[in-house]
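Here are the chains, one letter per residue:
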Amino acid sequence: MHYDVIVIGLGAMGAATLYQLARRGVRVAGVDRYAPPHDQGSSHGDTRITRQAVGEGAAYVPLALNSQRIWRELEAHSGEALFEACGMLMLSSSQAPTRGHGTPDFGGETAALAERFGIEHSLLDAAGVRARFPQFGGFGDQATGYYEPGAGYVRPERAIDVQLKLAEALGAVLHTNTLVEAIESDAGGVRVQTSSGMLTADKAIVCAGMWTGKLLGASVEDLLKVCRQQLVWFELDEPERFAAGSPVYILLHGAADIDSCYGFPPLPGENAIKIATEQYLEGCDPDTVNRSVSQADIDALYDAHVAGRLLGVSRRVLKSKVCTYTITPDFNFIIDAHPQMANVTLVSACSGHGFKHSAGIGEALAMHHCNEPGAVDLSAFSLARFRS
Ligand SMILES: Cc1cc2nc3c(=O)[nH]c(=O)nc-3n(C[C@H](O)[C@H](O)[C@H](O)COP(=O)(O)OP(=O)(O)OC[C@H]3O[C@@H](n4cnc5c(N)ncnc54)[C@H](O)[C@@H]3O)c2cc1C
C-alpha cells in the first residue's frame, strides 16, 4: 500500500504526529526500530517536566500550552492519567542570571514570558521560598524563586502508548520492531527501505530522536550532538516533606550548566524522588551509549545537588536510568524540510526540553500537512538559522 505519509520513529514526536495525522483521515504508517514506548531512546524515565512560560523562547509557548490541552483530551479519550499539574518551582541560590538550555538568563526570560503571555506565576524571595517550600533548604538568603501553578509533569511512556493506540484505532498502520535502513526521495515521493521491506509514500516525517543524524547523513548529523544524561531515584526518609502539593523543581546553584538539577515529587505509591542533571560537553554514539549509572556518579550527584539542599532525602537509590539529549548548536529544535531530500521533513534535536511540546508539535505538523488554518508557526525552528 502507498501511504500519504510515513512517520519514521514513534517516540514523543512521532507518536504525536502519527496520532494527529490519523485523526485527520490521512493514510499514515509509522515505523519504529523498537516497540514504543521503550527505554532505548529519549522518552523514558516515568516523568517529564512541563512548563507554560518556557524560558527557551516565545516560539515554544503556544506549543507547550497546546500540548497541555491535548493531554487533557487524550486523558478523556483513554482514561489514562497523563498530566499532573502539581506546579513548578524554579529556585536559584543567587540573584545573578543563570544560564539554561542556551538562554543566558533562564529565570528572567521565564518570568518575562509569563508576563507577556498572561501565565499565572509568582516571584518569591528567600523568605517566601522557605515559608512555602521548606523541603528545599540550604539555598541561602539570596535565593529567588519562580513558581508556576499550571506547570507539572507528564507521563512520557503513557502519552506515547495512548497516542499510538488511538492512532491505530483511527487507521494508522504501525510497523514496530522494524528498522528504517535508508530513505530515498524525489519530487514524486519517498521510498523507505526497512528491515522488513520497502514502504512508499508521498511524504516522510523523520522523528528518529538520537538516531536522526545517522539516518539522514552529514548535512544533518553535523548539527546534532547526542549527550548521555543520568537519572536517579533517591528514597525519602521524610516522605511528608514531598507529600501531595509538592511541585516539580529546577534548582540553579551556580552559573554553569552542571550547577543545576531538576526533579519531581514522588509518583503515587513510590517513596522516592527522581533527580537528574544535565551535561552537554561529552557526546556519545547512539548505538553504544553506556546505559548504567555508576555508584561514583550517584554519589557525586547526591553530594553536589541533594545534600543540604533537599531535606529528608536519603542516599538509598530505588533505581537509576540513562537517557540521551540530542542537542543543536543553539539548543533549539529543528523542524523543517530536509535540505536535500524532497518530501522529507525533519523533526529533531529536541535538546532535552522537547517532551512538553511533543503533542503540540504533532498537531502543528498535521495541521500544516492538511493546510488547516491556525497552525502554530514553526518557522523559528527552521534550518535557515544555521546557514549564516
Ligand atoms: C533524561 C531526560 C530528561 C528530559 N526531561 C525533559 C523534561 O523534563 N521536559 C521536557 O519537555 N523534555 C525533557 N526531555 C526531552 C524529551 O524527553 C525529548 O526531547 C523527547 O522525548 C524526544 O523525543 P523524540 O521523539 O525526538 O525521540 P524518541 O522519543 O527517542 O523517539 C525516537 C524514536 O525513533 C526510533 N528510531 C530511531 N531510529 C530509527 C530507525 N532507523 N528506524 C526506525 N525507528 C527508529 C526510536 O526507536 C525511537 O522510538 C528529557 C530528555 C531526557 C533524555
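Our structure is the block above this text.
No experiment lies behind these values; they were computed from the predicted model shown. (Residues numbered from 1 in each chain as written. Predicted model: local features only at pLDDT ≥ 70, side-chain atom pairs only at ≥ 80, totals over all residues. Heavy atoms only, no water.)

Q: Quick question: what am I supposed to make of the site of the ligand here?
A: Around the ligand there are 34 residues in total, and Asp 32, His 38, Ser 43, Arg 48 and Cys 323 lie nearest to it. Between the ligand and the protein, one listed contact pairs a nitrogen atom with a backbone N or O atom of Val 180 at 2.9 Å. A distance of 3.3 Å separates an oxygen atom of the ligand from a polar atom in the backbone of His 353. Look at the ligand: alone it shows 1000 Å² of surface, and the protein chains cover 97% of it. Every element with two or more residues in the shell around the ligand is listed here: α1 (12–23), β3 (48–50), β17 (313–327) and α9 (355–369). For the shell around the ligand, the leading source of residues is β17, giving 3 residues. (Near = heavy atom within 4 Å. Polar contact = N/O pair within 3.5 Å; in protein donor to acceptor, adjacent residues only side chain to side chain. Areas by Shrake-Rupley, 256 points an atom, 1.4 Å probe, with all protein chains shown as cover. Helix = DSSP H or I, 4+ residues; strand = E, 2+ residues; numbered from the N terminus.)

Q: Is there a simple way to think about unusual backbone geometry in this case?
A: Peptide bonds are mostly trans, and most non-glycine residues show a negative phi. Looking along the chain, the bond that leaves Pro 36 and enters Pro 37 is cis, with omega of 5°. Tracing the backbone shows Pro 37 in the loop between β2 (28–31) and β3. Although it is not a glycine, Asp 46 adopts a positive phi angle of roughly 80°. With respect to the helices and strands, the residue Asp 46 is situated in the loop between β2 and β3. Phi at Asn 371 is positive, roughly 55°, even though this residue is not glycine. Here Asn 371 lies in the loop between α9 and α10 (384–387).

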